[in-house]
Amino acid sequence: MPIKRMWGGRFEESGSDLVNKFGASITFDQEMAQEDIQGSLAHVKMLKATKILDAADADAIIKGLETLDEKLKQGKLSFNIENEDIHMNIEALLTAEIGPVAGKLHTGRSRNDQVATDLHLYVKERLPQVIAAIKKLQQVLVDKASDNVETIMPGYTHMQHAQPISYGHYLMAYFQMLQRDAERFKFNMQHTDVSPLGAAALAGTTFPIDRQLSAKYLGFSDIYHNSLDAVSDRDFVLEFLSNASILMMHLSRMCEELIYWCSYEFGYIELSDAYSTGSSIMPQKKNPDTAELIRGKTGRVYGDLMGLLTTMKGLPLAYNKDMQEDKEGVFDAVKTIIPSLKIMAGMVETLKVNQDKMEHAVHNDFSNATELADYLASKGIPFRQAHEIVGELVLKGLKTGKNLSDISLAEYQKISPLITEDVYHVLQPKVAVERRNSAGGTGFAQVEAQIKAAKELLKD
């Protein structure tokens, strides 16, 4: 049921269909229909409590809104582009439901504070969902790490073998990244859990409203204390999109490595068939498409952030129509990051770790070179000199096909008579990992400590 535009009194002609469609947002902001009804219910209850509206009118509006809410849950509400946005559509539907008294709902508020309220409610409701999905992935990482504390793999810098590490230690690195993500989203709640309702268009209202009361009805912990800021602030959305971008960057980094690790060249892991696809022409292929998709979707979340940053950068106070562009990016980011987290959790939980392949890789490289340099330094040789000695041994080994463990004791003792048979024990990859027991290191005891601490964090 299209209504006469509420702002149309001073206009002599209406816009063309193209202009009207271009300016309408109902095609996407209907995503906030539930939040719009919630905000309207809080507002009219406040109008009733403050006696700005008489009880009969307020009760009629409340009953009408509750009817619309029930119809929305049943999928029985339809929206009309001629009513521009979700706010005018809900008012039109309310008018059809209860008659002209519906027009009193807008007393003491504007679409400017209304849309800001809806968006706060939308983000506030979804932040716990995002955090819960992060925690689920963290739990999967902890469980997988617990099973692989003593699984040895090459650690990399510059994508070159660096030092042997525990695969559990590797997994716990991503746990820590995700922990910071969860903390950022929790902090995001502080700036989201604030009510703009009652700020009206930009300057507040002459009606004796009670903003604290409407905030209480909506479950907000505070109100904006400046009406200009209330209707023009989108920092809480930018924080959400920034946090989402960092989160997706972390998922993308892990996906990049999963893609490497499951290739023939590495073979460290095998992804479940449920998270892989085949080729339409090459029968042997098993492609890590799910990991590639998460890696690819990172770009769209970055785009959501950059789009809103660019929209906001030149806007004068207070509300501007540009700010209609604040919603689609948020909706898109929510619909991207939550499924990505859930899929990543399933992918990690079901992957097979090829422990023998990982360990074989560290027995056929020079990733124990630092162990030898440390060993020489422990025998009194200055570390810089020890570093140079081991570098020369590596160069010789590359030319002769010998690893450091293949060098004879007689050859070692030409370097220093202090080198004894125990050097071969030190050079074993498992020993090299186990001995790195400094705080936060890859030593097995340290990895176990990380896992224990992580389990305590996940209880909160």
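Rules and cut-offs
- Residues numbered from 1 in each chain as written.
- Predicted model: local features only at pLDDT ≥ 70, side-chain atom pairs only at ≥ 80, totals over all residues.
- Heavy atoms only, no water.
- Helix = DSSP H or I, 4+ residues; strand = E, 2+ residues; numbered from the N terminus.
- Rg over C-alpha atoms; globule rule 2.2 N^0.38 Å.
- Contact = heavy atoms within 4.5 Å.
- Lys, Arg positive; Asp, Glu negative; His and termini not counted.
- Charge placed at Lys NZ, Arg CZ, Asp CG, Glu CD.
- Axes fitted to C-alpha atoms, helices over the stretch in contact; angles between N-to-C directions.
- Parallel < 35°, antiparallel > 145°, perpendicular 65-115°, else oblique.
- Left-handed = near helix turned anticlockwise from the far one by under 90°.
- Nonpolar A, V, L, I, M, F, W, Y, C, P; charged D, E, K, R; others polar.
- Buried < 20%, exposed > 50% of the residue type's maximum accessible area, 1.4 Å probe, protein only.
- Polar contact = N/O pair within 3.5 Å; in protein donor to acceptor, adjacent residues only side chain to side chain.
- Pairing = 2+ DSSP bridges.
- Salt bridge = Lys/Arg side-chain N within 4 Å of Asp/Glu carboxyl O.
- Core = buried A, V, L, I, M, F, W, Y, C linked by side-chain atoms within 4.5 Å.

Asks: Lay out the overall build of the protein with the relevant residues and their values.
Replies: Counting its secondary structure elements, the protein contains 19 helices and 6 strands. Here the protein has a C-alpha radius of gyration of 31 Å; the compact-globule value for 460 residues is 23 Å, and the former is much larger. Projected onto its principal axes, the C-alpha coordinates of the protein cover approximately 100 × 50 × 40 Å. Sequence separation of 24 or more characterises 76% of the internal contacts of the protein that already satisfy a separation of 6 or more. The positive charge centre, built from 50 side chains, and the negative charge centre, built from 62, are 1 Å apart in the protein.

Asks: So what's going on with the packing of helix α3 (residues 33–49) against helix α4 (residues 55–73)? Which residues, and what values?
Replies: α4 packs onto α3 with a crossing angle of 165 degrees between their chain directions and a minimal axis gap of 10 Å. Between α3 and α4, the angle falls in the class roughly antiparallel. Considering the relative orientation of α3 and α4, their crossing is left-handed. Residues A33, Q34, I37, S40, L41, V44, K45 and K48 of α3 form the contact with α4, whose own contacting residues are A55, A58, D59, I61, I62, L65, E66, L68, D69, L72 and K73. Across the contact of α3 with α4, the residue classes tally to 11 nonpolar, 2 polar and 6 charged.

Asks: Describe in detail helix α8 (residues 211–218), supporting the description with residues and values.
Replies: Along α8, the residues that are buried comprise R211, L213, S214, A215 and L218. Sitting at the head of α8, D210 places a side-chain oxygen 3.2 Å from the backbone nitrogen of Q212. Directly beyond the C-terminal end of α8, a positive phi value near 80 degrees is found at G219.

Asks: Describe the pairing of strand β2 (residues 160–166), naming the residues involved and giving the relevant values.
Replies: For a regular strand, the rule is simple: side chains alternate between the two faces of the sheet. Alignment of strand β1 (residues 152–157) against β2, held across 6 bridges, turns out to be antiparallel. Note that in β2 the partner of G155 across the bridge is Q163.

Asks: Hey, could you go over the pattern of salt bridges for me, with residue numbers and the actual values?
Replies: If you walk through the whole model with that rule in mind, you get 24 salt bridges. Here R126 makes a salt bridge to E35, at a shortest N to O gap of 3.2 Å. Of this pair, R126 sits in helix α6 (residues 111–146) while E35 sits in helix α3, and the two are 91 residues apart along the sequence. Residue classification places R126 among the buried residues on the basis of a relative accessible area of 13%. A relative accessible area of 1% places E35 in the buried class.

Asks: Mind laying out the side chain of S25, listing which residues take part and the relevant values?
Replies: Structurally, S25 can be placed in the loop between α1 (17–23) and α2 (26–29). For S25, a relative accessible area of 4% puts it in the buried group. A distance of 2.6 Å separates polar atoms of two side chains, one belonging to S25 and the other to D29. Look past the residues within four positions of S25 in its chain and what remains in contact with it is E84, D85 and Q324.

Asks: Talk me through the environment of A215; I want residue IDs and the actual numbers.
Replies: As for its position among the elements, A215 is in helix α8. Using a relative accessible area of 1% as the deciding quantity, one classes A215 as buried. Along the backbone, A215 and V123 are 92 residues apart, and their C-alpha atoms lie at a distance of 16 Å. With sequence-adjacent residues up to four places away left out, A215 is seen in contact with S195, F220, D222 and I223.

Asks: Talk me through the nonpolar core; I want residue IDs and the actual numbers.
Replies: Counting 84 residues, the largest nonpolar core has F185, F240, I337 and M344 as the members making the most contacts within it. Setting aside its immediate chain neighbours within four residues, I337 contacts V130, F185, F240, A244, L247, M248 and V301. With 23 residues, the next largest nonpolar core counts I26, V44, L53 and I90 among its residues.

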